[in-house]
Amino acid sequence: MSGTVEGKVAIVTGAARGIGAAIASDLASKGARVVLADLNAEAAQQTAARIAADGGDVLALAVDVSSRVSTKSLIEQSVAHYGRLDVMFNNAGISQTCPFLDVTEEDFDRIMKINGLGVLIGTQEAARQMIAQGGGGKIVNTASIAGKQGYPLFAHYCASKFAVVAITQAAARALAEHKITVNCFGPGVVATELWQQLDREFIEHGLTERPDQAINEFSQSILLGRVSVPKDITGVTTFLASDASDYITGQTVMIDGGMVLI
Ligand SMILES: NC(=O)c1ccc[n+]([C@@H]2O[C@H](COP(=O)([O-])OP(=O)(O)OC[C@H]3O[C@@H](n4cnc5c(N)ncnc54)[C@H](O)[C@@H]3O)[C@@H](O)[C@H]2O)c1
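Analysis parameters
Residues numbered from 1 in each chain as written. Predicted model: local features only at pLDDT ≥ 70, side-chain atom pairs only at ≥ 80, totals over all residues. Heavy atoms only, no water. Helix = DSSP H or I, 4+ residues; strand = E, 2+ residues; numbered from the N terminus. Rg over C-alpha atoms; globule rule 2.2 N^0.38 Å. Buried < 20%, exposed > 50% of the residue type's maximum accessible area, 1.4 Å probe, protein only. Contact = heavy atoms within 4.5 Å. Areas by Shrake-Rupley, 256 points an atom, 1.4 Å probe, with all protein chains shown as cover. Axes fitted to C-alpha atoms, helices over the stretch in contact; angles between N-to-C directions. Parallel < 35°, antiparallel > 145°, perpendicular 65-115°, else oblique. Left-handed = near helix turned anticlockwise from the far one by under 90°. Nonpolar A, V, L, I, M, F, W, Y, C, P; charged D, E, K, R; others polar. Pairing = 2+ DSSP bridges. Near = heavy atom within 4 Å. Polar contact = N/O pair within 3.5 Å; in protein donor to acceptor, adjacent residues only side chain to side chain. Phe/Tyr/Trp six-rings, centres within 6.5 Å; stacked < 30°, edge-to-face > 60°. Patch = residues over 30% accessible without salt bridge, like charges linked within 9 Å, V, L, I, M, F, W, Y side chains within 5 Å. Salt bridge = Lys/Arg side-chain N within 4 Å of Asp/Glu carboxyl O. Expected span 1.5 Å × (residues − 1).

Overview of the overall build of the chain
Part 1: Within the chain, the secondary structure is distributed over eight helices and seven strands.
Part 2: Over its C-alpha atoms the chain spans a radius of gyration of 18 Å, differing by no more than 12% from the 18 Å that the globule rule assigns to 262 residues.
Part 3: Dimensions of the chain, computed from the C-alpha atoms along their principal axes, are close to 50 × 40 × 35 Å.
Part 4: Taking all 262 residues of the chain together, the buried fraction comes to 54%.
Part 5: In the chain, 73% of the contacts between residues at least 6 apart in sequence involve partners at least 24 apart.
Part 6: For the chain, the accessible area works out to roughly 11,800 Å², and carbon and sulfur atoms hold 54% of it.

Observations regarding the packing of helix 1 (residues 18–29) against helix 8 (residues 234–241)
Part 1: Look at helix 1 against helix 8: their axes get within 9 Å of each other, and the N-to-C directions meet at 60°. Our classification of the angle between helix 1 and helix 8 gives oblique. When the axes of helix 1 and helix 8 are compared, the crossing they make is right-handed. Taken together, the residues of helix 8 that come into contact with helix 1 (itself represented by Ala22, Ile23, Asp26 and Leu27) are Thr234, Thr237, Thr238 and Ala241.
Part 2: Among the residues making up the contact of helix 1 with helix 8, the classes are represented as four nonpolar, three polar and one charged.

Considerations on the sheet that holds strand 6 (residues 180–187)
Part 1: Read from one edge of the open sheet, seven strands run 3-2-1-4-5-6-7, paired in parallel fashion. The open sheet has two free edges, formed respectively by strand 3 (57–62) and strand 7 (252–255), since each of these has just one partner strand. Taken pair by pair, the neighbouring strands of this sheet meet at an average axis angle of 20°, ignoring direction.
Part 2: The pairing of strand 1 (residues 9–13) with strand 4 (residues 87–90) spans three bridges and is parallel. Across the sheet, residue Ala10 finds its bridge partner in strand 4, namely Val87.
Part 3: Sitting on the sheet, helix 2 (residues 41–53) is in contact with strand 2 (33–38) and strand 3, with an inclination near 175° to strand 3.
Part 4: Of the strands in this sheet, strand 1, strand 2 and strand 3 touch helix 3 (residues 68–82), which is tilted by about 155° from strand 3.

With respect to the site of the ligand
Part 1: Around the ligand there are 28 residues in total, and Arg17, Asp38, Tyr157, Val190 and Thr192 lie nearest to it.
Part 2: Between the ligand and the protein, one listed contact pairs an oxygen atom with a backbone N or O atom of Asn91 at 2.8 Å.
Part 3: Here Lys161 contributes a side-chain N or O atom positioned 2.9 Å from an oxygen atom of the ligand.
Part 4: When the free accessible area of the ligand is taken as 830 Å², the share hidden by the protein chains comes to 95%.
Part 5: Sorting the residues of the shell around the ligand by element identifies helix 1, helix 5 (155–175) and helix 6 (193–204) as the ones contributing at least two each.
Part 6: Sorting elements by how many residues they give to the shell around the ligand places helix 6 first, with three residues.
Part 7: Across the shell around the ligand, the residue classes break down as 15 nonpolar, eight polar and five charged.

Quick look at the packing of aromatic side chains
Part 1: A full pass over the atoms with the stated rule returns six aromatic pairs.
Part 2: A centroid spacing of 6.5 Å and a plane angle of 65° characterise the contact between Phe154 and Tyr157, whose relative ring orientation is edge-to-face.
Part 3: Relative accessible area serves as the criterion here: at 13%, Tyr157 is assigned to the buried category.
Part 4: Ring geometry for Phe154 against Phe202: centres 6.2 Å apart, planes inclined by 50°, an arrangement best described as tilted. Within this pair, whereas Phe154 is found in the loop between strand 5 (137–142) and helix 5, its partner Phe202 is found in helix 6, the two being separated by 48 residues in sequence.
Part 5: The buried category is assigned to Phe154, whose relative accessible area is 4%.

Let's talk about a nonpolar patch on the surface
Part 1: There is a patch of nonpolar side chains on the surface, built from Leu223, Leu224 and Leu261 and spanning about 400 Å² of accessible area.
Part 2: Looking at where Leu224 falls in the secondary structure, it is placed in the loop between helix 7 (213–218) and helix 8.

Here's the deal with helix 1
Part 1: Between its terminal C-alpha atoms helix 1 stretches 17 Å, which fits the 16 Å expected from 12 residues at 1.5 Å a residue.
Part 2: Most of helix 1 sits out of view: nine of its 12 residues are buried.
Part 3: Among all positions of helix 1, only Ile19, Gly20, Ala21, Ala22, Ile23, Ala24, Asp26, Leu27 and Ala28 are buried.
Part 4: Gly31, located one to two residues past helix 1, shows a positive phi value of around 95°.

Some words on the environment of Leu101
Part 1: Position of Leu101 relative to the elements: it lies in the loop between strand 4 and helix 4 (105–133).
Part 2: The exposed category is assigned to Leu101, whose relative accessible area is 79%.
Part 3: C-alpha of Leu101 to C-alpha of Pro152: the two residues are 51 residues apart in sequence and 9.2 Å apart in space.

Everything listed here is a matter of geometry and, on its own, says nothing about what the molecule does.
As structure tokens, then:
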């Protein structure tokens, strides 16, 4: 049926909390069968239990998205349980506030390994499964406003999110012949535990003085006048997982309340 995710099997990485948990919850509420995958397996299990209590068909599994062995195992276990893989959300990611001149090799490598390499591996391994089973599939990657603009306190994070956009475009071109679409979406400022961490780091660097000052100041340019919540994201993410988006590939859909206009 057009526009539905009913019956589709989706994996969402970084699904224990925040944006990933909201993506998984919305998909499950619309009849998808959803694997919640996270480095924090216990938290993923708790989130899955909440979704299951609302009637969702879900499974929680552990994954480290920066490891190919771990990602392969996640996909194998998901297929063993649900029989196939229709949609892969490469959503897990980390961030760090750091003044431009202070970013170290270690900072850069850590963020690129999870946000950049993790999306490459997740896209490759999901595609291998989709090609093997036939019939196409959908891969949806989590980019950011930081995938469109360089921000001085997030140089390495921005590099990793530009990488997500580049991998998405390359994969869309590489995988179209297999009827696999690859898109990403770009949140702006979303009130999750990630931003609580960034807010603390602003204070540690002496850049702000009070809790929530950083998120409030960073959000001044949002046209729609407020910070977003994970639920703001799910209209687009469920659309990108559904048949209604079958003719869209290689795109970045911004969900930022109008922070980046390109
Ligand atoms: N919050 C925002 O304002 C915002 C804005 C733009 C983009 N994003 C992106 O959205 C995604 C989710 O962000 P969030 O705000 O929900 O973050 P979050 O920190 O609340 O949740 C991230 C989840 O990813 C998991 N994770 C971290 N490293 C992992 C790994 N190596 N393997 C598997 N799981 C791992 C964590 O355990 C956590 O459950 C990230 O890619 C982030 O960069 C967030």
